[in-house]
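The primary structure of each chain is shown beneath.
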Amino acid sequence: MEVGDEQIRYAMQNTAVLRLPSQSLATFGTTNVDYYLLTRPVYAEMVEGRETVIREGKVSARRPQIVTPSYLTRLEGFGDNARKYLELVMHEYGPHAPGLLYTYKNEPKETSIVSDGLAVVAGRLNDRIDREGNRLAAIIQGVDELWDVSLLKFISELTEGSLRNNLAELGSRGLLDEDEAGITRDARYRIELLFQQVANGEREPSELKKELDRWDLFPEYEDRFFKLFRR
């Protein structure tokens, strides 16, 4: 069933993050966040009593990657409207203005239905998280039929809350600095790591080629790239 804009807005307006992780996303490394997404069942109005749906899962956030508007235009999956937006950003801030790209993976675990109201369930989960001392756990109140939209809103808030700290840490290590070609030190570091991983058989050469193309750097690294195949 196709979901309309009004339904998306409804889900966003009726989503609340009841508990955020007590630490922000790691700047260097992967962060795994356990979440409990609570909703009233879609059939709630048709039955007596109170029930709450609990969706448990894990969101993995990879190390934030420094990118530029020019880099983003070369990523796959963007439509014409997104590219027009990026062109406006490049016009206003320049093609090499640094920003952060966060990538996430959602791993659903299990879904259960309990005979208690949402507030009671949230309180019980809060107590459990406190007992376990899990600093990377979250509780979200969402909309049952659009629970994935509720999860995305949580991810958005998690990202926003981590952005300033991540930028500060990257900047303190000079990774936001650009060379004469407008390439950040972080990008050069990632390219070097990819070369090493391809040489060790840990990554496919196509991944390295795509990254070089996104930075428009293949001509600079071309000889070194083809040497990988002469060993």
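Everything discussed here concerns the structure shown above.
Residues numbered from 1 in each chain as written. Predicted model: local features only at pLDDT ≥ 70, side-chain atom pairs only at ≥ 80, totals over all residues. Heavy atoms only, no water.

1. Side note on the packing of aromatic side chains
Item 1. Counted according to the given criterion, the structure contains seven aromatic pairs.
Item 2. Aromatic side chains tyrosine 102 and tyrosine 104 sit 6.5 Å apart centroid to centroid with 15 degrees between the ring planes, which places their arrangement in the stacked category.
Item 3. Look at phenylalanine 218 and phenylalanine 225: their rings are 5.5 Å apart centre to centre, the planes differ by 70 degrees, and that puts the pair in the edge-to-face class.
Item 4. Members of the aromatic cluster, connected to one another through ring pairs, are Phe218, Phe225, Phe226 and Phe229.
Item 5. Taking NZ or CZ as reference, arginine 224 lies 4.1 Å from the ring centre of phenylalanine 195, over its face. (Phe/Tyr/Trp six-rings, centres within 6.5 Å; stacked < 30°, edge-to-face > 60°. Lys NZ or Arg CZ within 6 Å of the ring centre and 35° of its normal.)

2. Focus: the sheet that holds strand β7 (residues 137-141)
Item 1. Taken in spatial order, the five strands make up an open sheet running β1-β7-β2-β3-β6, and their pairing is mixed. Every interior strand has two partners, whereas the edge strands, β1 (16-19) and β6 (104-114), have only one. The mean angle between the axes of side-by-side strands here comes to 25 degrees, regardless of whether they run parallel or antiparallel.
Item 2. Helix-sheet contacts for helix α4 (residues 118-132) involve β1, β2 (31-39), β3 (52-61), β6 and β7, and the interaxial angle to β2 is about 155 degrees.
Item 3. Of the strands in this sheet, β1, β2, β3, β6 and β7 touch helix α5 (residues 147-172), which is tilted by about 135 degrees from β2. (Pairing = 2+ DSSP bridges. Helix = DSSP H or I, 4+ residues; strand = E, 2+ residues; numbered from the N terminus. Axes fitted to C-alpha atoms, helices over the stretch in contact; angles between N-to-C directions. Contact = heavy atoms within 4.5 Å.)

3. A closer look at the packing of helix α1 (residues 5-13) against α5
For any two helices packed against each other, the geometry is given by the interaxial angle and the distance between the axes.
Item 1. At their nearest, the axes of α1 and α5 sit 9 Å apart, and the two run at 55 degrees to each other. By the angle between their directions, the pair α1 and α5 is classed as oblique. Crossing geometry of α1 relative to α5 is assigned as right-handed. Within the contact between the two elements, α1 uses Ile8, Ala11 and Met12 and α5 uses Val149, Ser150 and Lys153.
Item 2. Of the residues that constitute the contact of α1 with α5, the class distribution is four nonpolar, one polar and one charged. (Parallel < 35°, antiparallel > 145°, perpendicular 65-115°, else oblique. Left-handed = near helix turned anticlockwise from the far one by under 90°. Nonpolar A, V, L, I, M, F, W, Y, C, P; charged D, E, K, R; others polar.)

4. Brief notes about helix α6 (residues 185-199)
Item 1. Compared with an ideal rise of 1.5 Å per residue, which puts 15 residues at 21 Å, α6 spans 21 Å between its outermost C-alpha atoms and is within 8% of the ideal.
Item 2. Burial in α6 covers these residues: Asp186, Ala187, Arg188, Arg190, Ile191, Leu194, Phe195, Gln197 and Val198.
Item 3. Contacts from the buried residues of α6 go to β4 (65-67), α2 (69-73), α7 (205-214) and α8 (218-227).
Item 4. Glycine 201 lies just past α6 and shows a positive phi near 80 degrees. (Expected span 1.5 Å × (residues − 1). Buried < 20%, exposed > 50% of the residue type's maximum accessible area, 1.4 Å probe, protein only.)

5. Quick notes on the side chain of serine 70
Item 1. In this fold, serine 70 is placed in helix α2.
Item 2. Apart from the residues lying within four places of it in its own chain, the contact partners of serine 70 are Met90, Pro95 and Arg214.

6. A closer look at the environment of glycine 174
Item 1. Tracing the sequence through the fold places glycine 174 in the loop between α5 and α6.
Item 2. Each C-alpha atom of the pair glycine 174 and threonine 184 lies 8.9 Å from the other, and the pair is 10 residues apart in sequence.

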